[in-house]
Amino acid sequence: MRVKLLTTISFFTYQIGVSQTEKVLNGKVLSQNTTLYKVEVINKTSKTSTRTNELGEFSILAKENDSLLFFSKNYFFTRLKVTLKDLEKNDLIIEMTPKAEELENVTVGRSVFNKAEIKNIVNNKEEINKIIIRKQFDEVTSKVTVYDGKIKNAINFSYPIFDKPKKKIEPRDDRFKKLVQASCPPDFFIKNLKINSEEKELFIKFCNADPKSKTLLEKSNVLELMDFLYAKNEEFKKLKTEIKN
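Residues numbered from 1 in each chain as written. Predicted model: local features only at pLDDT ≥ 70, side-chain atom pairs only at ≥ 80, totals over all residues. Heavy atoms only, no water.

**Topic: the overall build of the chain**
And then number 1: Within the chain, the secondary structure is distributed over 9 helices and 10 strands.
And then number 2: Relative to its full complement of 245 residues, the chain shows a buried share of 27%.
And then number 3: Across the chain, contacts joining residues at least 24 apart in sequence account for 56% of those joining residues at least 6 apart.
And then number 4: Surface summary for the chain: the accessible area is close to 18,600 Å², and the carbon and sulfur share equals 55%. (Helix = DSSP H or I, 4+ residues; strand = E, 2+ residues; numbered from the N terminus. Buried < 20%, exposed > 50% of the residue type's maximum accessible area, 1.4 Å probe, protein only. Contact = heavy atoms within 4.5 Å. Areas by Shrake-Rupley, 256 points an atom, 1.4 Å probe, with all protein chains shown as cover.)

The following block contains the structure:
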């Protein structure tokens with residue numbers, strides 16, 4: 001019994017020692033089975049950083065509960081909270097999600113085609129004929145005048161004396177929402193902030209109402225944006241709790 005107790009104490013002492021001591025953590029960063037070069041690997045807790053090599057590999061000092069961040073220009077950032085299992089395993093595989101690429105579009109008549117579609121159309125006589133017919137139809141319909149029911153020389157009730165004062169509609173500012181969508185991976189709200197899809201829009205509006213969101217638009221710093229979202233998430237949770245009570 002005494003031996004078992006000593007063994008258990010030794011085991012927990014070892015775990016506590018590992019969790020409180022920094023250790024060189026090795027890993028590899030991939031995207032769709034392709035290794036990523038020069039990805040910024042930041043230990044946000046200890047304020048240290050490194051980069052992946054040509055094979056996508058990295059090594060960084062870390063301990064349990066440290067927050068690791070992975071940044072690359074064409075990919076959504078990835079966050080990892082280091083666990084004891086990660087430290088013991090020591091061969092992390094980090095998967096990054098690529099940002100969607102915008103295809104260059106070309107307008108033909110009233111239709112919009114991307115480059116890939118144009119290559120197919122050039123070799124397809126039937127598609128070319130459809131485009132010609134569509135273009136001719138557009139030209140004809142644009143010249144046809146349709147009677148709109150108005151009487152010529154009638155009193156113009158659109159003069160200022162007949163106009164009712166119109167309420168000025170302020171344009172909706174979606175810049176912060178677009179910044180969040182461009183910076184955060186698709187599963188960030190559910191996986192990291194624990195915010196479901198129904199609450200996501202409300203949370204972004206809640207963040208946008210904070211004057212600091214306008215400062216982030218000017219700086220466009222991913223680290224500061226993430227810190228802001230985590231801080232606002234705590235406020236958002238407290239507010240929901242107060243409403244329920």
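**Description of helix 5 (residues 175–183)**
And then number 1: Listed as buried for helix 5 are Phe176, Leu179, Val180 and Ser183. All buried residues of helix 5 lie within an arc of 95 degrees about the axis, which places them on one face of the element. (Arc of directions from axis to C-beta.)

**Overview of the environment of Leu193**
And then number 1: Within the secondary structure, Leu193 sits in the loop between helix 6 (188–191) and helix 7 (197–208).
And then number 2: Assessed through its relative accessible area of 0%, Leu193 is described here as buried.
And then number 3: Considering only alpha carbons, one finds Leu193 and Asn233, 40 residues apart in sequence, at a separation of 6.8 Å.
And then number 4: Excluding residues that lie within four positions of it along the chain, Leu193 makes contacts with Phe188, Phe203, Leu229, Tyr230, Asn233 and Lys237.

**Focus: the pattern of salt bridges**
Where charged atoms of side chains with opposite charge meet at close range, the side chains can pair.
And then number 1: Here the structure, examined in full by the defined rule, presents 7 salt bridges.
And then number 2: Ionic pairing is found between Arg51 and Glu40, a salt bridge with its closest N-O pair at 2.8 Å. A residue pair is termed long-range when its members are at least 10 positions apart, and Arg51 in strand 4 (residues 48–51) and Glu40 in strand 3 (residues 40–43) qualify at 11 residues.
And then number 3: The partner of Asp210 in a salt bridge is Lys232, and the shortest N-O contact between them spans 3.0 Å. Of the two residues, Asp210 sits in the loop between helix 7 and helix 8 (212–219) while Lys232 sits in helix 9 (residues 222–244), which places them 22 residues apart along the sequence. (Salt bridge = Lys/Arg side-chain N within 4 Å of Asp/Glu carboxyl O.)

**Looking at the packing of aromatic side chains**
And then number 1: As enumerated under the stated definition, the model contains 9 aromatic pairs in all.
And then number 2: Relative to Phe77, the ring of Phe71 lies with its centre 5.8 Å away and its plane at 35 degrees, an arrangement referred to as tilted. In this structure, Phe71 and Phe77 share a single accessibility class: buried.
And then number 3: A centroid spacing of 6.0 Å and a plane angle of 90 degrees characterise the contact between Phe176 and Phe228, whose relative ring orientation is edge-to-face. Remark: Phe228 occurs in helix 9 and Phe176 occurs in helix 5; sequence separation between them is 52 residues. Accessibility assignment for this pair places Phe176 and Phe228 in one class, buried.
And then number 4: Taken together through their ring pairs, the aromatic side chains of Phe71, Phe77, Phe188, Phe189, Phe203, Phe206, Tyr230 and Phe236 make up a single cluster.
And then number 5: It is Lys232 that lies over the ring of Phe206; its NZ or CZ is 4.6 Å from the centre. (Phe/Tyr/Trp six-rings, centres within 6.5 Å; stacked < 30°, edge-to-face > 60°. Lys NZ or Arg CZ within 6 Å of the ring centre and 35° of its normal.)

**Focus on the packing of helix 8 against helix 9**
And then number 1: Contact geometry for helix 8 and helix 9: axes closest at 9 Å, N-to-C directions at 160 degrees. Considered as vectors, helix 8 and helix 9 are oriented roughly antiparallel to each other. Considering only the axes of helix 8 and helix 9, their crossing is left-handed. Each of Lys212, Ser213, Leu216 and Lys219 in helix 8 lies in contact with helix 9, whose residues at this interface are Glu224, Leu225 and Phe228.
And then number 2: For the contact of helix 8 with helix 9, the per-class residue count stands at 3 nonpolar, 1 polar and 3 charged. (Axes fitted to C-alpha atoms, helices over the stretch in contact; angles between N-to-C directions. Parallel < 35°, antiparallel > 145°, perpendicular 65-115°, else oblique. Left-handed = near helix turned anticlockwise from the far one by under 90°. Nonpolar A, V, L, I, M, F, W, Y, C, P; charged D, E, K, R; others polar.)

**Quick look at the nonpolar core**
And then number 1: With 22 residues, the main nonpolar core has Phe176, Phe188, Phe189, Leu193, Phe203, Leu225 and Leu229 as its most contacted residues.
And then number 2: Of all elements in the fold, only strand 6 (67–72), helix 5, helix 6, helix 7 and helix 9 reach the threshold of two or more residues within this core.
And then number 3: When residues of this core are assigned to their parent elements, the largest contribution, 6 residues, is made by helix 9.
And then number 4: For Phe189, the residues in contact, after removing those within four places along its chain, are Val180, Lys194, Ile195, Lys200, Phe203 and Ile204.
And then number 5: In terms of nonpolar packing, the next biggest core, distinct from the first, is built from 18 residues, Val41, Phe58, Tyr75 and Val82 among them. (Core = buried A, V, L, I, M, F, W, Y, C linked by side-chain atoms within 4.5 Å.)

**A look at the confidence of the model for the chain**
And then number 1: Averaged over every residue, the pLDDT of the chain is 76; the share at 70 or more is 62%.
And then number 2: Per-element mean pLDDT across the chain ranges from 48 in strand 9 (residues 105–108) up to 95 in strand 5 (residues 57–62). (pLDDT = per-residue confidence, 0-100.)

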